Amino acid sequence: MKAIRRFTVRALIPESLTSLTALAANLRWSWHEPTQRLFDEIAPDVWRESDHDPISGLGLVTPERLAELAADADFVGRADALHADLRRYLQEPRWYQGLADPKPQTIAYFSPEFGIAAALPQYSGGLGILAGDHLKSASDLGVPLVGVGLLYRSGYFAQTITNDGWQQESYPVQDPDGLPVTVLREPDGTPVTVTLALPDDRSLSARVWIAEVGRVPLLLLDTDIPENVADLRGVTDRLYGGGGEHRLLQELLLGIGGVRAIKQWSELTDHALPQVYHSNEGHAGFLGLERISDLVGNGLSFDEALQLVRGGTVFTTHTPVPAGIDRFDREVITRYFSGDLLPGVAAPDVLALGDETANGGSADVFNLAIMGLRLAQRANGVSRLHGEVSRAMFRGLWPGFDVSDVPITSITNGVHAPSWTDPSLVDLAVDRWGTTDTSRADWSDPSLSDAELWSRKHGMRERLVADVRRRIADGYRSQNPQAVLPSWIDELLDPEVLTIGFARRVPSYKRLTLMLRDPDRLRAILLDPERPVQIVVAGKAHPADDDGKRLIQHLVRFAQDPELRSRIVFLPDYGIGMAKTLYPGCDVWLNNPLRPLEACGTSGMKAALNGALNLSILDGWWNEYADGENGWVIPSADGAADDEERDALEATALYEILEHQLVPRFYEREDDGLPQRWMQMVRHTISTLSEPLSADRMVREYTERMYLPAAAMERELNASDQQRARELAAYKQRVREAWPQLAVAHVESGGVDAVPQVGDVLRLRAYVQLGSLSPEDVTVEVVCGVPGTGGELLDIRTQPLEQQQSPSTSRPEHTLEYAGTLPLDRAGGFGYTVRIVPRHELLLTPAELGLVAVADQ
Ligand SMILES: *Cc1c(COP(=O)(O)O)cnc(C)c1O
């Protein structure tokens, strides 16, 4: 293949329109409706063609049109006013600035993908969109984040569907010069590069692009530069494109290269170095090793450096599905870390951090999620249920502790409302209540009539129908270049019909084709002459996942039936641009994963913000927010004998809800033709869910529960020449060495009758051996709760016992005596045990070291 030299010519913008250039250069336009309207005015067709991207859009506008606008004083005035508004947005104090000091000046947020706008296609699905929403809300709240990721030449992939329903991938190459990014440069103009030493005297370099996401800079590393040998230029070719070493190189670059890029950025732009590092999933986990390497270079031991790094690191786990967790052969890790990659960090240290054997895994494997947990003092899952699932999934790392002691909390995901709420709902809120914040509006206010809200929803459905027809026509043309466009395309879907959306990536646990279990039953639901239903489906299967592609094919073929095709449509190439019309256009959002494999799921949240009702398995976020008035719960057949039976039961439940509850409710019309009960549910959904499902709520939670405490810990560990980090490392080592000698030798109880009653007080006395440790090093405590069937305690509480200064004479030799009381304040099953756990003020929880000595039962 001949190499094509490609570049993008940027438009020459007249002097009086420089505000446009400034507005286009900051991705804030992607969630700022007034700025989008301004660009739309320039040339509506161009705007649509460029997928609403002002950078490439401006390049397509004719010089005549630009000259015309430059001479239009009104237009120029509005552009200047929007530019002034942007400058104010970038500088004014916001929520974070009102928080008490001390607080971190910089927080780094690492993610392998970022979904910010259709114009910057650097995402595959939920993880990336979430990262994008996190940055946008951080910007709106004034949280001083800096994002770090990779710039993939071809992003994920573009999906087309052949006539027989098979997914085809293509990898359009993006020219960064046509993207809303700029190169980070030295003062003399040379592009900044970061370099990683690889085995066999090779090295990998990357340049650093910056995307401005409102107030948040996003640094994106790119290896496609002349400094690299040919095969290494391709390291950042595709997102999740390769396995094995290709993936490892991407992750080394993201973690290690990312920290190096931040150091240069901070120096060049006068920003403080981050005090807190947040790793969005395990892929970026190597960032901790680069920081350890720096600290070792400054004279700390590996263990001391580890304490400091852990203190300031937050790790978010995103999936209970094993395929979502990166694992490598230990041999490969050894090879990469035996050279000059990270001075001061030896391969065995790295291997120990990613060893999964304690969690029941393989001895040959290095696990990035497990390294992520070991390198971060604070960790979380992404919904309450996923927090529970994660604690159970990783409990082997904290042996001897109850599941509820496992130090992984949860922060439920949220979505960035200004990006995902339909402009017509925002307009309504502005007209009625004078706010663009739909979560502050009172949607149950009777002065807002059902008719008015219904007509907005109708408009949203109409725009979806138009968008579907346009996309299907485009797809048809590209598959059948010679053919005339068939007339059925103009009859696809109907804006009067109950519309259900189902769009997501297509891993098997999401069960794209559950709705097809009983094709005749679905057909009858769709084609009901009085109460028809239409379904819009979209989603990409991973290029290597033929099973997923077969699911898509199954669905596409079903939808090709001439009778059905106006009622069920598969839209190729699911992405942000499509999603923005899809969520608002739906009345119902369907989600039927295999519980509990959907960690959170955010598409249903975006639908809810737009007044769609959810119809979902009780998984992820829906497990904590379904309230009977905001949608329908598809019961999970947890007791089913196998997957086959489970699918059958859950599909039947799905059909029944549709047939007997959901569809009738939508078509139950009053004299005015409106579905009054339905509208009540819509109002209830928008009013009660908009705030809790917002990414603002999520980012505030991360800030208050994770970033601020992590920064305080980092400050403490760093103070007086890292004195406390050294102390903590020494404490941990001493405790680990001494632990095998610790024991709860004997426990005595008294104070309750043979038949204990509420109000009785249990008196406890425990004799313990602490070996070489002293009483200050540990807590001796009673753990009580309700005995579960598996011999463990549920719903546990702990209470410390006091060391007795004048021990009783019956004390066994070489033991210390502890005592305390425990009021029995609840009726029902009761169990307790006495245990010894490490105690140090810099430990976040007693489980942190995974050390516990429990009384023999
Ligand atoms: C929200 C979103 C997703 C993630 O949806 P889930 O429900 O979390 O699977 C994926 N892709 C796009 C384009 C989205 O907007």
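Quick summary incoming for the structure in this document. (Residues numbered from 1 in each chain as written. Predicted model: local features only at pLDDT ≥ 70, side-chain atom pairs only at ≥ 80, totals over all residues. Heavy atoms only, no water.)

## Observations regarding the overall build of the chain
- Summing up its helical and strand segments, the chain has 26 helices and 30 strands in all.
- Taking 29 Å as the expected radius of gyration for a compact globule of 857 residues, we find that the chain reaches 29 Å, a close match to that expectation.
- Taking all 857 residues of the chain together, the buried fraction comes to 56%.
- Within the chain, counting contacts between residues at least 6 apart in sequence, those at least 24 apart form 72% of the total.
- Here the chain has roughly 34600 Å² of accessible surface; of this, 49% comes from carbon and sulfur atoms.
- Here the chain contributes 82 positively and 121 negatively charged side chains, and the mean placements of these two sets differ by 1 Å. (Helix = DSSP H or I, 4+ residues; strand = E, 2+ residues; numbered from the N terminus. Rg over C-alpha atoms; globule rule 2.2 N^0.38 Å. Buried < 20%, exposed > 50% of the residue type's maximum accessible area, 1.4 Å probe, protein only. Contact = heavy atoms within 4.5 Å. Areas by Shrake-Rupley, 256 points an atom, 1.4 Å probe, with all protein chains shown as cover. Lys, Arg positive; Asp, Glu negative; His and termini not counted. Charge placed at Lys NZ, Arg CZ, Asp CG, Glu CD.)

## A few points about unusual backbone geometry
- Cis peptide bonds are those with omega within 30 degrees of zero, and the linkage from Asp-101 to Pro-102 qualifies with -5°.
- Tracing the backbone shows Pro-102 in the loop between helix 6 (73-91) and strand 1 (107-110).
- A cis amide bond links Arg-595 with the next residue in sequence, Pro-596, at an omega value of 0°.
- Turning to its location among the elements, Pro-596 is positioned in the loop between strand 20 (588-591) and helix 22 (603-609).
- Although it is not a glycine, Gln-722 adopts a positive phi angle of roughly 60°.

## Digging into the pattern of salt bridges
- Throughout the structure, instances matching the rule amount to 59 salt bridges.
- With a shortest N-O distance of 3.0 Å, Asp-547 and Arg-550 are connected by a salt bridge. Taken together, the residues span about one helical turn, with Asp-547 and Arg-550 both in helix 20 (residues 546-560) at a distance of three residues.
- Judged by relative accessible area, Arg-550 falls into the partly exposed class, the value being 44%. (Salt bridge = Lys/Arg side-chain N within 4 Å of Asp/Glu carboxyl O.)

## A few points about the packing of helix 9 (residues 244-269) against helix 10 (residues 287-297)
- Two elements in contact, helix 9 and helix 10, have axes whose closest approach is 6 Å; the angle formed by their N-to-C orientations is 55°. Taken together, the axes of helix 9 and helix 10 lie oblique to each other. Considering only the axes of helix 9 and helix 10, their crossing is right-handed. Residues Gly-255, Ile-256, Val-259, Arg-260 and Lys-263 of helix 9 lie in contact with helix 10, whose contacting residues are Leu-287, Glu-290, Arg-291 and Asp-294.
- Each residue belonging to the contact of helix 9 with helix 10 can be placed in one class, and the counts come to three nonpolar, one polar and five charged. (Axes fitted to C-alpha atoms, helices over the stretch in contact; angles between N-to-C directions. Parallel < 35°, antiparallel > 145°, perpendicular 65-115°, else oblique. Left-handed = near helix turned anticlockwise from the far one by under 90°. Nonpolar A, V, L, I, M, F, W, Y, C, P; charged D, E, K, R; others polar.)

## A look at the side chain of Thr-779
- Position of Thr-779 among the secondary structure elements: in strand 25 (residues 778-787).
- The residues touching Thr-779, leaving out its near neighbours within four places in the chain, are Pro-800, Arg-835, Ile-836, Val-837 and Arg-839.

## Examining the nonpolar core
- Residues Phe-110, Phe-286, Leu-289, Phe-337 and Ile-836 are the most contacted members of the largest nonpolar core, which totals 95 residues.
- In terms of residue count, the dominant contributor to this core is helix 9 (10 residues).
- Each of two domains, domain 2 (96-414 + 706-714) and domain 4 (742-854), supplies a minimum of three residues to this core.
- Within the second largest apolar cluster, 61 residues are counted, among which are Leu-58, Ala-131, Val-181 and Ala-710. (Core = buried A, V, L, I, M, F, W, Y, C linked by side-chain atoms within 4.5 Å. Domains from an automatic or database assignment.)

## Thoughts on helix 9
- In this model, helix 9 (26 residues) spans 36 Å end to end at C-alpha, consistent with the 38 Å of a helix rising 1.5 Å per residue.
- When the local axis directions of helix 9 are compared, the greatest deviation, roughly 35°, occurs at Gly-257.
- One or two positions beyond helix 9, positive phi appears at Asp-270, with a value near 65°. (Expected span 1.5 Å × (residues − 1). Bend = angle between axes of the 7 residues up to and from the residue.)

## A closer look at the sheet that holds strand 27 (residues 802-803)
- Spatially, the four strands line up as an open sheet ordered 23-24-28-27, and their pairing is antiparallel. Single-partner strands in this sheet number two, and they are strand 23 (743-750) and strand 27.
- Pairing between strand 23 and strand 24 (residues 761-769): seven bridges, direction antiparallel. Looking at the pairing, Ala-743 lines up with Gln-769 of strand 24. (Pairing = 2+ DSSP bridges.)

## Some points on the packing of aromatic side chains
- Applying the stated rule across the entire model yields 17 aromatic pairs.
- Considering the side-chain rings of Phe-286 and Phe-366, the 6.2 Å spacing of their centres and the 5° angle between planes classify their relative orientation as stacked. One end of the pair, Phe-286, is in the loop between strand 11 (276-280) and helix 10; the other, Phe-366, is in strand 14 (residues 365-367), with 80 residues separating them in the sequence. Across the pair, exposure class does not vary: Phe-286 and Phe-366 are buried alike.
- Taking 6.4 Å as the distance between ring centres and 40° as the angle between the ring planes, the aromatic pair formed by Phe-830 and Tyr-832 counts as tilted.
- With a relative accessible area of 28%, Tyr-832 lands in the partly exposed category.
- Pairwise contacts between aromatic rings join Trp-454, Trp-632, Phe-666, Tyr-667 and Trp-678 into one cluster.
- Positioned above the aromatic ring of Tyr-96 is the side chain of Lys-103, whose terminal nitrogen or guanidinium carbon lies 5.4 Å from the ring centre. (Phe/Tyr/Trp six-rings, centres within 6.5 Å; stacked < 30°, edge-to-face > 60°. Lys NZ or Arg CZ within 6 Å of the ring centre and 35° of its normal.)

## Digging into a negative patch on the surface
- Negative charge collects at one region of the surface, where Glu-668, Glu-670, Asp-671 and Asp-672 lie side by side.
- Topologically, Glu-670 is positioned in the loop between helix 24 (643-667) and helix 25 (676-689). (Patch = residues over 30% accessible without salt bridge, like charges linked within 9 Å, V, L, I, M, F, W, Y side chains within 5 Å.)

## Details of the packing of helix 1 (residues 18-25) against helix 2 (residues 33-42)
- The N-to-C vectors of helix 1 and helix 2 enclose an angle of 125°; their axes lie 11 Å apart at closest approach. Relative to helix 2, the element helix 1 is oriented oblique. The way helix 1 lies across helix 2 gives a crossing that is left-handed. Across the interface between the two elements, Leu-20, Leu-23 and Ala-24 from helix 1 touch Thr-35, Leu-38, Phe-39 and Ile-42 from helix 2.
- A class-by-class count of the residues in the contact of helix 1 with helix 2 yields six nonpolar, one polar and no charged.

## Some thoughts on the pairing of strand 1
- Residue alternation in strand 1 divides its side chains into two sets, Ile-107 and Tyr-109 and Ala-108 and Phe-110, and both sets are buried.
- Pairing between strand 1 and strand 4 (residues 145-150): four bridges, direction parallel. Each residue of the ladder has a partner; that of Tyr-109, found in strand 4, is Gly-147.
- When strand 1 meets strand 11, the two strands line up parallel, connected through four bridges. When the bridges of strand 11 are listed, Ala-108 appears paired with Tyr-277.

## Regarding the site of the ligand
- In the vicinity of the ligand, 15 residues are found, and the nearest of them are Lys-510, Tyr-583, Thr-602, Ser-603 and Lys-606.
- Contact distances for the ligand include 3.2 Å between an oxygen atom and a side-chain N or O atom of Tyr-583.
- At 2.5 Å, a side-chain N or O of Lys-606 approaches an oxygen atom of the ligand.
- When the ligand is considered free in solution it has 390 Å² of accessible area, and contact with the protein chains removes 96% of it.
- Elements with a minimum of two residues in the shell around the ligand: helix 7 (126-141), helix 21 (576-585) and helix 22.
- In terms of residues, the shell around the ligand owes the most to one element, helix 21, which gives three residues.
- Counting contributing residues per domain, the shell around the ligand is built from domain 2 (96-414 + 706-714) and domain 3 (422-690), each supplying no fewer than three. (Near = heavy atom within 4 Å. Polar contact = N/O pair within 3.5 Å; in protein donor to acceptor, adjacent residues only side chain to side chain.)

## Overview of the environment of Trp-632
- With respect to the secondary-structure elements, Trp-632 resides in strand 22 (residues 631-634).
- Along the primary structure Trp-632 and Leu-662 are separated by 30 residues, whereas in three dimensions their C-alpha atoms are 8.0 Å apart.
- Those residues in contact with Trp-632, other than ones at most four positions away along the chain, are Leu-613, Asn-614, Leu-615, Ser-616, Trp-622, Ile-657, Gln-661, Leu-662, Trp-678 and Met-681.

## Observations concerning helix 25
- Helix length check: helix 25, at 14 residues, gives a terminal C-alpha distance of 20 Å against a target of 20 Å (1.5 Å per residue), a fit within 8%.
- Looking only at helix 25, the buried set comprises Trp-678, Met-679, Met-681, Val-682, Arg-683, Thr-685, Ile-686 and Leu-689.

## Some points on the sheet that holds strand 18 (residues 533-538)
- Strand order in the open sheet formed by six strands is 19-18-17-20-21-22, and the pairing between neighbours is parallel. In the strand order of this sheet, the two ends are held by strand 19 (568-571) and strand 22, each with one partner. Each adjacent strand pair in this sheet contributes to an overall mean axis angle of 20°, direction not counted.
- Across two bridges, strand 17 (residues 498-503) lies against strand 20 in parallel orientation. Bridge pairing in strand 20 links Ile-500 to Val-588.
- Each of strand 18 and strand 19 touches helix 19 (residues 519-527); the most contacted strand, strand 18, lies at about 115° to it.

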